Each structure stands twice: as C-alpha cells, then as structure tokens.
4 protein chains.
Amino acid sequence: MDRPAIASFPFTTTLTTRWADNDVYGHVNNVTYYAYFDTIANLYLIQHGLDIHGESIGLVVASQCQFFASLAYPDPLVGALRVEKLGRSSVTYQIAVAREGEPLVAALATMTHVFVDRATRRPTPIPDPLRTALQALT
Amino acid sequence: MDRPAIASFPFTTTLTTRWADNDVYGHVNNVTYYAYFDTIANLYLIQHGLDIHGESIGLVVASQCQFFASLAYPDPLVGALRVEKLGRSSVTYQIAVAREGEPLVAALATMTHVFVDRATRRPTPIPDPLRTALQALT
Amino acid sequence: MDRPAIASFPFTTTLTTRWADNDVYGHVNNVTYYAYFDTIANLYLIQHGLDIHGESIGLVVASQCQFFASLAYPDPLVGALRVEKLGRSSVTYQIAVAREGEPLVAALATMTHVFVDRATRRPTPIPDPLRTALQALT
Amino acid sequence: MDRPAIASFPFTTTLTTRWADNDVYGHVNNVTYYAYFDTIANLYLIQHGLDIHGESIGLVVASQCQFFASLAYPDPLVGALRVEKLGRSSVTYQIAVAREGEPLVAALATMTHVFVDRATRRPTPIPDPLRTALQALT
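In this text, all values refer to a predicted model and were calculated from it rather than measured experimentally. (Residues numbered from 1 in each chain as written. Chains lettered and ligands numbered in written order. Predicted model: local features only at pLDDT ≥ 70, side-chain atom pairs only at ≥ 80, totals over all residues. Heavy atoms only, no water.)

J.: How would you summarise the relation of the copies chain D and chain B if you had to cite specific residues and measurements?
T.: Between chain D and chain B, which share one sequence, the superposing operator has a rotation angle of 180° and an axial displacement of 0.0 Å; the RMSD is 0.0 Å. Put plainly, the chains are arranged around a two-fold axis. Residue V24(D) of chain D places its C-alpha closer to the rotation axis than any other residue of that unit, at 2.0 Å. Same-surface contact between copies: 100% of interface residues of chain D are shared with the interface of chain B. (Least-squares fit on C-alpha atoms with pLDDT ≥ 70 in both. Contact = heavy atoms within 4.5 Å.)

As structure tokens, then:
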C-alpha cells in the first residue's frame, strides 16, 4: 500500500496520545495503533446510530496495518476513515493516523467488521442508518 | 476527599477516550483513569522541559483514586492537575478527570513522583525549570 | 504500609507480563499494576461464582497503591489477594504482586468494590456464595 | 489463511488474560490480540539474546491478523510462534493464540520485524545469535 495523504480521507477526528502509548523504544507501540483504529471506526458508527449496548454489533474478523513513520506521546494525532468495501453484513475500512500537522499518514490499516446479532453472534444485515452513513465514506 | 469542580484546577487539557477504555460493564475501566492521570502529569512536565530520554526521570511511588461518577467512550474528557506538595526530589499531584461539559470531576487522584537518576535510580533534586513550573501549580 | 511477604496472602495466582507493560523507562508502568489488581480480584470472584454478565456486579469506587520495587517484562509474576474489610455490599481488598521467586511484594494495593445492580447501579448485598468466598480471605 | 492447529507451531508459551482484555462485547478485544503477538515474539527473542536496552532493536513495520474464534478473560491462553520468512535484517513471523486446551488457534497473525540501529533507526543485519534462534523456527 502507498502512503496516502491524511487529507484524502472523508472523515477525520482528533486523538490524544497517552504516556503508556510509548513503549521501551520511545515511540508509540504498534499495538496501540490498532487501539486508535478501533476508536476511529466505532466513533463514526456511534455518531451515526450504533448502539454499543444494542442487538446488532460489529465484530472485527480481520485487520492489518502498515507502519510508515513513528509517532510519540505527547503528540496529538489525526485519525482518518474511509470505506473500502461495503457488503450486506460486513464492511472493510481503510483507517489511518497521522501526527497533527503532518500531511502524510504514519500508518495505514484495513479492518473488517462483520455485523452480528449480539446474542447468537450470527451475521445480520448492517442496519440501514449505518449503511447510509458508511456509503457516504466510499 | 470531596468532589471538586474541574474549574478549580490551574492546569487542564483535553483527553480523548478510546473504544478499549470501556470494559464489559460499559464504562471506562478504573485502570484507565490511572492512564489518564499519568498522561496529564507527564504532559505538564514535558511542556515545561522534562526530557523523557534524559537523565532525571520521575517515577511513581504511590497513587490513589476515588471514583465519583462513570465515564464512557466516546465522550471527550478534561484532565486537570495541581500540586499538593512539592519536596526536594518528590512531588505529589492532585489529578482529576471530568466529562467535557460537566462541572464536577468524575474521579480525583493523588500521585507522587520521585525524581531519580535514570541510571542509578537514586533520588535527585527536581530540576530547576520543572520545580518552577510545578510551583506555579501549588 | 509495610512491604509484606507474598506468602502471607491466602490466595495467589500466576500472571504473565506483556511487551507493552514496560514503558519508556524500561519497567512495568504504574498503571499496569492496577490492571493486575483488577485481574486478581475478579479472577477470585469469577472462580467463586461471579457472573460478569449477571445482575450483580462489583464496581471499583476507590483504589490505591504503594510501589516498592520495579517489575519488567518478560518476568512472570505472582498476584496475591486478601480481604481487609467485608461489608454488606462492599469489600476492600489488599492486593499485591511480586516477581516470581521474590519473597517480598513489589507493590501493595487496596481496592474497594461496591456491588451494585447492573441496571440501576444501586448498591445490593454481596451475593451469598461470593460473601462466603470473600470471608475465607479475611 | 486456514485455521491451523496450535500444536503445529515449534514454540509455544502460556499467556494469562486480564480483566481489561474483555471489551464491552464480553470477549477479548481485537487490539489485545496484537499485544499477545508482540509479547510472544519478543519473549522468544529475549530468551535468545535480544537486549531491549541494546543497540539493535526490532521494529514492527507490518502486521495482520485473522480472527477465527472468541477468547475471554479469565481463560488462560497458549501463544505460538514460527518464522515464515527470514531476511538479512527482517523477519516475518506467524503468530497464533489459542484457548488453553483448544486444538485450533483462535487467531492467526503475521508480523514483520525490521532490525534497526537504536540511534539511527537504519536497518542492520539481524544479530547472529538471534538469526540462529529464528532459523530454528522456520
């Protein structure tokens, strides 16, 4: 994957870093990026109607990330989201983070949510309001 | 400890919450508050000259927290800091977090940093620029 | 608080450390100790009947910790638990961690759970099987 | 990727889960799996001579994971490691976790470490003792 500009994403949000994000090597640990990605995607879903205590929930079935540049606490970050593929009950996002003020992303990920029924954990169609909101990011 | 107003603190900063902050009970896990506290205190130190790769570092020797109200992702938070006691090589902070827009803190903590030499881990005097900055918060 | 022997606690369990437990100072971050404490206390509760998806849940209303010695990944740890005070709907634990093979604890904490109704978040009596199990740790 | 047996990996280690590993959906959060993966790979490196405070360090440049089954605290886990590709200064691992007692992995990841000089962050050859140890996992 190429290293895109953060400005090429239709949805962005500010993220603050934390002391514990830095690992022993003095930069944000690779694991923490995935915490950012989860936060960015779910924020968009919640802003558009996802009820995290409701019946239809999105479970991550696959994710991946390419790391282009280091980040470090206490730098503030920009998180960014777009939709790569929207299926009946699944959605694959492209998610990125950049240091605030940097034009290029520091890391680029894809992550796939499958929407399931909370109780049975069987796939269910993506609820209509979320589908509309996700379509706006394609 | 009484539940103070967030506005009574001399230093405040914005914190963003994360998906993983919420535990199985649907609110920010008690452990995560301590991650906020560490982030708030070190942010102030770094803004006033602490070099986290330098020779004099602050280690936490004691901390405590009283939890007054729940917080939940994706709510943005306000973190707040003041200095309760400033010694030769140690400083005890009062640190609080509140939901953005809420007048009262959700949790109030104290945390004690002892400054030590990075290599020997023996106490050293708090460096002068940091001491001045900390005095401004008493 | 004095630094007790890990062998003085009635309940112990093994904990494995993680890469990300170490912060930029090369030892386990103070916040992570609280993650250990939560894990130790809830493990004992779950082993004695707590249903984390059930109606009666334990919320942390206060915690504190004194740090006596450093820990570092990849060292395995011993977690330890006893009950300091058992009330009608609340319990205060003493919780400790030690490096495996070390006689003295590296950190000693107290943590107070208030049992509440999951829906109303009002205090409820500690369920009988848990009360019996907690009494065994006093 | 197919879902392999945990027994097909040449290196395994026990991992304990934590209260905060479970997210609001009651199972281990997808992010936490990556914390396991980091822990497993670095444990093997440290056991074979990696000095995390030394000059040659391994940075993650890419990772991915496929999630086959849920895990939940307080279940103990087995972590597993093999080497997919060993280059001059980079190594790509296959890493898996399984619930203890389950024959099939719950998640399968690949992760690529590039070894760099700590100061310059330029790629360096994998140190010989580590190379030998990694070759044993191919």
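J.: Can you tell me about the interface of chain A and chain D, naming the residues and giving the values?
T.: By a frequent convention, interface size equals the accessible area lost on bringing the separate parts together. Each partner contributes residues to the interface: chain A has 25 residues there, and chain D has 25 residues. It is Y25(A), V31(A) and Y34(A) in chain A that bury the most area against chain D; as a group they hold 29% of the surface buried on that side. On the surface where chain A and chain D come into contact, there are zero salt bridges. At the boundary of chain A and chain D, one finds 17 residue pairs in polar contact (both at pLDDT 80 or more). Elements with a contribution of two residues or more to the side of chain A that touches chain D: α1 (30–47) and β2 (56–67) of chain A. In terms of residue count, β2(A) provides more of the side of chain A that touches chain D than any other element does, eleven residues in total. Looking at the side of chain A that touches chain D, its residues break down into 14 nonpolar, eight polar and three charged. (Buried area = accessible area lost by both parts, 1.4 Å probe. Salt bridge = Lys/Arg side-chain N within 4 Å of Asp/Glu carboxyl O. Polar contact = N/O pair within 3.5 Å; in protein donor to acceptor, adjacent residues only side chain to side chain. Helix = DSSP H or I, 4+ residues; strand = E, 2+ residues; numbered from the N terminus. Nonpolar A, V, L, I, M, F, W, Y, C, P; charged D, E, K, R; others polar.)

J.: Which residues make up the state of the cysteines, and what values do they have?
T.: Within the structure shown, the criterion is met by zero disulfides over all chains. C65(A) takes part in no disulfide bond, and the closest cysteine sulfur to it belongs to C65(D), at a distance of 13 Å. (Disulfide = S-S within 2.5 Å.)

J.: Tell me what's going on with the pattern of salt bridges, and back it up with residues and numbers.
T.: All told, the structure shown has eight salt bridges over all chains when counted by the stated rule. For the salt bridge of D21(D) with R18(C), the shortest nitrogen-to-oxygen distance reads 2.8 Å. Taken together, the residues span two chains, with D21(D) in the loop between β1 (11–15) and α1 (30–47) and R18(C) in the loop between β1 (11–15) and α1 (30–47).

J.: Please set out the relation of the copies chain A and chain D residue by residue, giving values where relevant.
T.: Rotating chain A by 180° and translating it 0.0 Å along the rotation axis places it on chain D, where the RMSD comes to 0.0 Å. A high fraction, 100%, of the interface residues of chain A reappear at the interface in chain D, so the copies pair face to face through one surface.

J.: So, the interface of chain D and chain B: which residues are in play, and what are the values?
T.: Taken residue by residue, the interface counts eight residues in chain D and eight residues in chain B. Of the roughly 710 Å² buried where chain D meets chain B, counting both sides, 65% is carbon and sulfur surface. There are zero salt bridges connecting chain D and chain B. Linking chain D with chain B are two residue pairs in polar contact (both at pLDDT 80 or more), by the criterion used here. Classifying every residue of the side of chain D that touches chain B by side-chain character gives four nonpolar, three polar and one charged.

J.: Account for the packing of α1(A) against α1(D), with residues named and values stated.
T.: Axis separation between α1(A) and α1(D) bottoms out at 9 Å; the angle between their running directions is 175°. Between α1(A) and α1(D), the angle falls in the class roughly antiparallel. Every residue of α1(D) that contacts α1(A) at N30(A), V31(A), Y34(A), A35(A) and D38(A) is listed here: N30(D), V31(D), Y34(D), A35(D) and D38(D). Considering only residue class, the contact of α1(A) with α1(D) consists of six nonpolar, two polar and two charged. (Axes fitted to C-alpha atoms, helices over the stretch in contact; angles between N-to-C directions. Parallel < 35°, antiparallel > 145°, perpendicular 65-115°, else oblique.)

J.: Got a sec to walk through the sheet that holds strand β5 (residues 107–117) of chain C? Specific residues and values, please.
T.: One key point about sheets: their strands pair by backbone hydrogen bonds, in either a parallel or an antiparallel sense. Pairing in this open sheet of ten strands is antiparallel, and the strands run β1(B)-β3(B)-β4(B)-β5(B)-β2(B)-β2(C)-β5(C)-β4(C)-β3(C)-β1(C) from one edge to the other. Where the open sheet ends on each side, the last strands, each with one partner, are β1 (11–15) of chain B together with β1 of chain C. Each neighbouring strand pair of the sheet contributes to a mean axis angle of 25°, computed without reference to strand direction. Of the strand pairs in this sheet, strand β4 (residues 90–99) of chain C and β5(C) are connected by eight bridges, and their pairing is antiparallel. Note on β5(C): the bridge partner recorded for S90(C) is V114(C). Strand contacts of helix α2 (residues 128–135) of chain B: β3 (77–86), β4 (90–99) and β5 (107–117) of chain B, with the helix running at about 110° to β3(B), the strand carrying the most contacts. (Pairing = 2+ DSSP bridges.)

J.: Explain the side chain of N30(D) to me, and be specific about the residues and the numbers.
T.: Its place among the elements puts N30(D) in helix α1. Residue N30(D) is classed as buried on the basis of its relative accessible area of 8%. Leave out the neighbours within four places in its chain, and N30(D) touches D38(A), V60(A) and F67(D). (Buried < 20%, exposed > 50% of the residue type's maximum accessible area, 1.4 Å probe, protein only.)

J.: Tell me what's going on with the pairing of strand β2 (residues 56–67) of chain C, and back it up with residues and numbers.
T.: As paired strands, strand β2 (residues 56–67) of chain B and β2(C) are joined by five bridges and run antiparallel to one another. Across the sheet, Q66(B) pairs through a bridge with A62(C), a residue of β2(C). Pairing between β2(C) and β5(C): eleven bridges, direction antiparallel. Following the sheet pairing, S63(C) is matched in β5(C) by M111(C).

J.: Requested: an account of the packing of aromatic side chains, with residues and values cited.
T.: Summed over all chains, the structure comprises 26 aromatic pairs over all chains. Geometrically, the ring pair formed by Y34(B) and F37(B) is edge-to-face, given 5.6 Å between the ring centres and 85° between the ring planes. Highlighted residues: Y34(B) and F37(B), both in helix α1 (residues 30–47), separated by three residues, approximately one helical turn. Exposure remark for Y34(B): the relative accessible area of 1% places this residue in the buried category. Classification of F37(B) by relative accessible area gives buried; the value is 1%. Put simply, the rings of Y34(A), F37(A), Y34(D) and F37(D) touch in pairs and so form one group of aromatic residues. Its guanidinium or amino end placed over the ring of F9(B), R82(B) lies 4.0 Å from that ring's centre, counting from NZ or CZ. (Phe/Tyr/Trp six-rings, centres within 6.5 Å; stacked < 30°, edge-to-face > 60°. Lys NZ or Arg CZ within 6 Å of the ring centre and 35° of its normal.)

J.: Describe the sheet that holds strand β1 (residues 11–15) of chain A, listing the residues and the values that go with them.
T.: The ten strands lie next to each other as β1(A)-β3(A)-β4(A)-β5(A)-β2(A)-β2(D)-β5(D)-β4(D)-β3(D)-β1(D), forming an open sheet whose pairing is antiparallel. The two strands at the open ends of the sheet, each matched to only one other strand, are β1 of chain A together with β1 of chain D. Each strand of the sheet is rotated relative to its neighbour by a mean of 25°, with strand direction disregarded. In the packing of helix α2 (residues 128–135) of chain A onto the sheet, contacts are made with β3 (77–86), β4 (90–99) and β5 (107–117) of chain A, and the angle to β3(A) comes to roughly 110°. Sheet contacts for α1(D): β2 of chain A together with β1, β2 (56–67), β3 (77–86), β4 (90–99) and β5 (107–117) of chain D; angle to β4(D), the most-contacted strand, approximately 120°.

Read these as layout, nothing more, since geometry by itself doesn't imply function.
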